[in-house]
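Commentary on secondary and tertiary structure
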Amino acid sequence: MEIISLADLYSISPLLFLTLGAFGILIVDVFSKESWLRASYTSIFILAALSFAFQLADVAAPGKTAFWDAIYVDSFSIYFQVLILVGALLTVMLSHGRIAQEGVRSLGEFYALFLMSTIGAIIFVSAAEMVTLFLGLEIMSMALYCMCGSAVHSKDSAESALKYFFLGSFSSAFMLFGIALMYGVSGTLSLAESAAVLSSSNSGLVPIAVGFVLIGFVFKIGAVPLHFWAPDVYQGAPTTVTAYMACVVKAAAVGAALRVLWTSFGSDTLFGIWASAVWIIAALTMVVGNLVALRQRSLKRMLAYSSIAHAGYIMVAFLAPHQGGGSAVLFYIAVYTAMTLGAFGVVLAVASPHSSEPDADDIHRFQRLGYRNPVLAGCMTLFLLSLAGLPPGLAGLLGKFYVFNAAVQANYVGLAIIGVLCSAVSCYYYLRVIVAMYFIPKEESDSDSLAPLAPVSLPFAGVIGICAVAVVTLGLFPSILHDGAQFVIENF
Amino acid sequence: MNIFFILLSAIALSSALGVILMRNPIHSALCLIVNLVAIAGYFALLNAHFLALVQIIVYAGAIMVLVVFVLMLLNSKLEEQKSAGLFMLVVSSVFAVMFIVHMSKIYGAEFSTSGVASASLQGTVANLGRVLFTQYVFSFEASAVLLMAAIVGAAMLAKTTPERPRGDGERV
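Note that the coordinates shown come from a computational prediction; the quantities given were computed from them, not determined experimentally. (Residues numbered from 1 in each chain as written. Chains lettered and ligands numbered in written order. Predicted model: local features only at pLDDT ≥ 70, side-chain atom pairs only at ≥ 80, totals over all residues. Heavy atoms only, no water.)

1. Observations concerning the overall build of chain B
The number of helices and strands found in chain B is 6 helices and 0 strands. Mapped from its N terminus to its C terminus, chain B presents α and β elements in the order α-α-α-α-α-α. A total of 172 residues make up chain B; the buried ones form 20% of that total. Within chain B, counting contacts between residues at least 6 apart in sequence, those at least 24 apart form 56% of the total. (Helix = DSSP H or I, 4+ residues; strand = E, 2+ residues; numbered from the N terminus. Buried < 20%, exposed > 50% of the residue type's maximum accessible area, 1.4 Å probe, protein only. Contact = heavy atoms within 4.5 Å.)

Encoded structure:
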């Protein structure tokens, strides 16, 4: 029997391209010092991976695996691969020219780590057995720890990297311990095979294993008992890395958590064990995330807490596996990625390039933006309204509707009510930015003292434009994505 | 329970006590090496030859050398005998209770052995190599990317660059 077949290699072709890019850029870095060359080199390899990920949809089948049952080749993993790659591509566009300003010196190494982190994220969501799952998590995190600290002369960046590294390693250790216990009880590493053994086992180790694995996921998703790292890490890291963490890494963690919870821990007995824990975590996450966000002045911190709150909304739908929760999660995470990446794009365009300044991304820099740069302010309004879930016609509202609808159908009415109330609270801090952009009289603002806005570069305009179009299109025609998400979940 | 097990247990327990009771940190570190080698002996008794070797090379070798180097470079003075604060006492007893509860769960728990190869083969280097390059070949290759990420990241963080950017010149 052949060890690796051509079909196996084809099914990981996105990973192969990303690996090639990651190692190749280290060589390119030796010969060229041009910033744009390295950014476009990275984008080309991500684009190649993206096109192969689309091609894979033809060979995908429910429950199909490759490499001796190491990774899934099903529509679920391909959905998340595409999402991760699109998020990574947009982040690279945001990074061009900007990360050097934020103090990143070694651009070649930065992009190599960036690609490796994307490799880890893809392995994380497509893993079919626990060793591969853990390796994916570690590749993604290890590269990310270094990316957080890549502005080597900035104290904030170093603080962010250290905090993330220590807390992240700690939570990984918990998860690894949970995986070891799962293996001990079930005797298999496969996610699908362990489900039957785990549900019939009455060993006292099963709840401990479920709890430990859940701790690992809760940390990576950034949900409440383990969210303390998020604001400091998000603020200290270079803004491009922050955008990457808030979108791509969160999407990967949500995908992997959904897969493990619904596949390995999917039986009714095990659902009973983790459902109450996820109920409490989701409720706390929505409440704490939104309440603390009210007091933030730094836009990066505000978006960090907002991303915590949105993690809470997403986790609500985890509890409705048979009531449309799956397609709600898939829809929400895609919409969330578009809204948040767009918002980070505007913040990057408006905030001071010198991130060492204490008020580099303070809300007062957004004062009267509606008059200084109407297009930028219009896009920001779009993203913020969508994040708040306010007007019909924007994707954010529909995402919340699908999530809470699934929760109500699964008889979690209380949780849905908490979610809607928190969502109402969140309007305050999103609207505050809009008020600052449009409704501050000229006399009361200090916008004149601010340096004039630098012209928005083409890649930036591209990212903001793509995200704005996505938010509006998905808001008007949600079935484009939602039908696909339902198809993915039917073939889970 | 054979004589080797009793012998190794005695060494492991006494050296573990030595780690926490010795005043001099270097002595503690040396006790830890003895402890790790004794644990490697357990692995060898369980037919896990590869794990035993890795335990000695990685833990007793590389990591302990690192610990001893750090102790020497930091030139740490002998720790003053400090009385443990109430907070430390509470925290450590909470963790101790958690550990005991956990261990009592594990003790007597039934572990599935369905996926484990026959006892004569398991853990041997040949068998491990066979599994590593067939069933787990994907994980094996993926760990190469993990190591690469760690190396590239370490190089990037450790590289001392001047405050001035190299070629981009975009910072004013």
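On we go from here.
2. Some thoughts on the overall build of chain A
A count of helical and extended segments in chain A gives 21 helices and 2 strands. In terms of overall dimensions, chain A is globule-like: its C-alpha atoms have a radius of gyration of 22 Å, near the 23 Å expected for 492 residues. Expressed as lengths along the three principal axes of its C-alpha atoms, the size of chain A is roughly 70 × 60 × 40 Å. For chain A, restricting intrachain contacts to residue pairs at least 6 apart in sequence, the fraction spanning at least 24 positions comes to 80%. When the accessible area of chain A is evaluated, it comes to approximately 16,500 Å², of which 70% is carbon and sulfur surface. Here chain A contributes 20 positive and 26 negative side-chain charges, whose respective centroids are spaced 10 Å apart. (Rg over C-alpha atoms; globule rule 2.2 N^0.38 Å. Areas by Shrake-Rupley, 256 points an atom, 1.4 Å probe, with all protein chains shown as cover. Lys, Arg positive; Asp, Glu negative; His and termini not counted. Charge placed at Lys NZ, Arg CZ, Asp CG, Glu CD.)

3. Focus on the packing of helix H4 (residues 75–95) of chain A against helix H12 (residues 239–263) of chain A
All names here are of chain A. Running from N to C, H4 and H12 cross one another at 175 degrees; their axes reach a closest spacing of 9 Å. Comparing their axes, H12 and H4 come out roughly antiparallel. Touching Phe-76, Ser-77, Phe-80, Leu-83, Ile-84, Gly-87, Ala-88, Thr-91, Leu-94 and Ser-95 of H4 are Thr-240, Tyr-244, Val-248, Ala-251, Ala-252, Gly-255, Leu-258 and Arg-259, all from H12. Of the residues in the contact of H4 with H12, the class split is 11 nonpolar, 6 polar and 1 charged. (Axes fitted to C-alpha atoms, helices over the stretch in contact; angles between N-to-C directions. Parallel < 35°, antiparallel > 145°, perpendicular 65-115°, else oblique. Nonpolar A, V, L, I, M, F, W, Y, C, P; charged D, E, K, R; others polar.)

4. Some remarks on the pattern of salt bridges
Residues and elements named next belong to chain A. If you walk through the whole model with that rule in mind, you get 7 salt bridges over all chains. When the shortest N-O distance is used, the salt bridge between Arg-297 and Asp-362 registers 3.0 Å. A residue pair is termed long-range when its members are at least 10 positions apart, and Arg-297 in the loop between helix H13 (268–293) and helix H14 (299–318) and Asp-362 in the loop between helix H15 (325–350) and helix H16 (369–372) qualify at 65 residues. Through salt bridges with shared partners, a single ionic network connects Glu-159, Lys-163, Asp-232 and Arg-301. (Salt bridge = Lys/Arg side-chain N within 4 Å of Asp/Glu carboxyl O.)

5. Section: the interface of chain A and chain B
On the chain B side, the residues contacting the 54 residues of chain A number 39 residues. Buried area between chain A and chain B, summed over both chains or domains, comes out near 3,900 Å², and the portion from carbon and sulfur atoms is 69%. Where chain A packs against chain B, one counts 1 salt bridge. Salt-bridge contacts for A:Glu109 lead to B:Lys159; the nearest nitrogen and oxygen are separated by 3.2 Å. The tally of links from chain A across to chain B stands at 4 residue pairs in polar contact (both at pLDDT 80 or more). (Buried area = accessible area lost by both parts, 1.4 Å probe. Polar contact = N/O pair within 3.5 Å; in protein donor to acceptor, adjacent residues only side chain to side chain.)

6. As for a nonpolar patch on the surface
A cluster of nonpolar side chains, namely A:Ile3, A:Ile4, A:Leu6, A:Leu9, A:Leu16 and A:Trp68, defines an oily patch on the protein surface of about 530 Å² accessible area. For A:Ile3, the position within the fold is in the segment before helix H1 (6–11). (Patch = residues over 30% accessible without salt bridge, like charges linked within 9 Å, V, L, I, M, F, W, Y side chains within 5 Å.)

7. What about the domain arrangement of chain B?
Per the domain assignment, the segments of chain B are domain 1 (1–76) and domain 2 (127–160). A straight line from the C-alpha centre of domain 1 of chain B to that of domain 2 of chain B covers 26 Å. (Domains from an automatic or database assignment.)

8. Some thoughts on the nonpolar core
All names here are of chain A. Tyr-164, Phe-265, Phe-318 and Phe-366 are the most contacted members of the largest nonpolar core, which has 206 residues in total. The greatest single-element share of this core, amounting to 19 residues, is contributed by H15. Those residues in contact with Phe-318 that sit more than four places away from it in its chain are Ile-221, Val-254, Ala-257, Leu-258, Leu-261, Trp-262, Phe-271, Trp-274, Val-278 and Val-329. (Core = buried A, V, L, I, M, F, W, Y, C linked by side-chain atoms within 4.5 Å.)

9. Thoughts on the environment of A:Ser423
All names here are of chain A. Within the secondary structure layout, Ser-423 lies in helix H19 (residues 413–438). In this structure Ser-423 comes out as buried when scored by relative accessible area, which is 8%. Sequence separation between Ser-423 and Asn-290 is 133 residues; the distance between their C-alpha atoms is 7.8 Å. Leaving out residues up to four positions away in the same chain, Ser-423 has contacts with Asn-290, Tyr-313, Ala-388 and Lys-400. Side-chain polar atoms of Ser-423 contact the side chain of Lys-400, separated by 3.2 Å.

10. Some thoughts on the confidence of the model for chain B
Mean pLDDT for chain B: 81, with 80% of residues reaching 70 or above. Across chain B, the secondary-structure element scoring lowest on mean pLDDT is helix H5 (residues 125–132) of chain B, at 84, and the one scoring highest is helix H6 (residues 137–158) of chain B, at 93. (pLDDT = per-residue confidence, 0-100.)

11. Observations regarding the packing of aromatic side chains
Residues and elements named next belong to chain A. Counted according to the given criterion, the structure contains 28 aromatic pairs over all chains. Here the aromatic rings of Phe-170 and Phe-174 are separated by 5.3 Å at their centres, their planes lie at 85 degrees, and the arrangement is edge-to-face. Here Phe-174 and Phe-170 lie together in helix H8 (residues 155–186), a separation of 4 residues that amounts to about one turn. Residue Phe-170 is classed as exposed on the basis of its relative accessible area, which comes to 53%. Given a relative accessible area of 27%, Phe-174 falls into the partly exposed group. On the basis of an interplanar angle of 50 degrees and a centroid distance of 6.2 Å, the ring pair of Tyr-438 and Phe-439 is categorised as tilted. (Phe/Tyr/Trp six-rings, centres within 6.5 Å; stacked < 30°, edge-to-face > 60°.)

12. With respect to unusual backbone geometry
Positioned with a positive phi, A:Trp68 is a non-glycine residue whose angle comes to about 55 degrees. Of note in the backbone geometry, B:Asn47 takes a positive phi value of approximately 75 degrees without being a glycine. Structurally, B:Asn47 can be placed in the loop between helix H2 (25–45) and helix H3 (49–74).

13. Section: the packing of helix H7 (residues 130–148) of chain A against H6(B)
Close contact between H7(A) and H6(B) brings their axes to 9 Å; oriented N to C, the two are set at 15 degrees. In terms of orientation, H7(A) and H6(B) fall into the roughly parallel class. The two elements H7(A) and H6(B) cross, and the hand of that crossing is left-handed. In this structure, H7(A) contributes A:Val131, A:Thr132, A:Leu135, A:Glu138, A:Ile139, A:Met142, A:Ala143 and A:Cys146 to the contact, and H6(B) contributes B:Phe138, B:Ser139, B:Ala142, B:Ser143, B:Val145, B:Leu146, B:Ala149, B:Ala150, B:Gly153, B:Met156 and B:Leu157. Of the residues contributing to the contact of H7(A) with H6(B), the split by class is 14 nonpolar, 4 polar and 1 charged. (Left-handed = near helix turned anticlockwise from the far one by under 90°.)

14. Quick word on the side chain of A:Ser32
Residue and element names in this part refer to chain A. By the element assignment, Ser-32 lies in the loop between helix H2 (13–31) and helix H3 (35–56). Only 3.1 Å separates the side chain of Ser-32 from the backbone nitrogen of Glu-34, close enough to count as a polar contact. Excluding anything up to four places from it in sequence, Ser-32 contacts Leu-37 and Arg-38.

15. Observations concerning H2(A)
Residue and element names in this part refer to chain A. Along its 19 residues, H2 runs 27 Å from first to last C-alpha, staying within 8% of the 27 Å computed at 1.5 Å per residue. At Ile-25, H2 is bent by approximately 25 degrees, the largest bend along its length. Turning to H2, its buried residues number three or more, namely Ser-13, Pro-14, Leu-15, Leu-18, Thr-19, Gly-21, Ala-22, Gly-24, Ile-25, Val-28 and Asp-29. (Expected span 1.5 Å × (residues − 1). Bend = angle between axes of the 7 residues up to and from the residue.)

16. With respect to the side chain of A:Lys250
All names here are of chain A. Within the fold, Lys-250 resides in helix H12. Summary of buried charges: Lys-250 has no salt-bridge partner, and the nearest side chain of opposite charge, Asp-232, is 15 Å away. Here Ile-221 takes part through its backbone oxygen, which lies 3.2 Å from a polar atom of the side chain of Lys-250.

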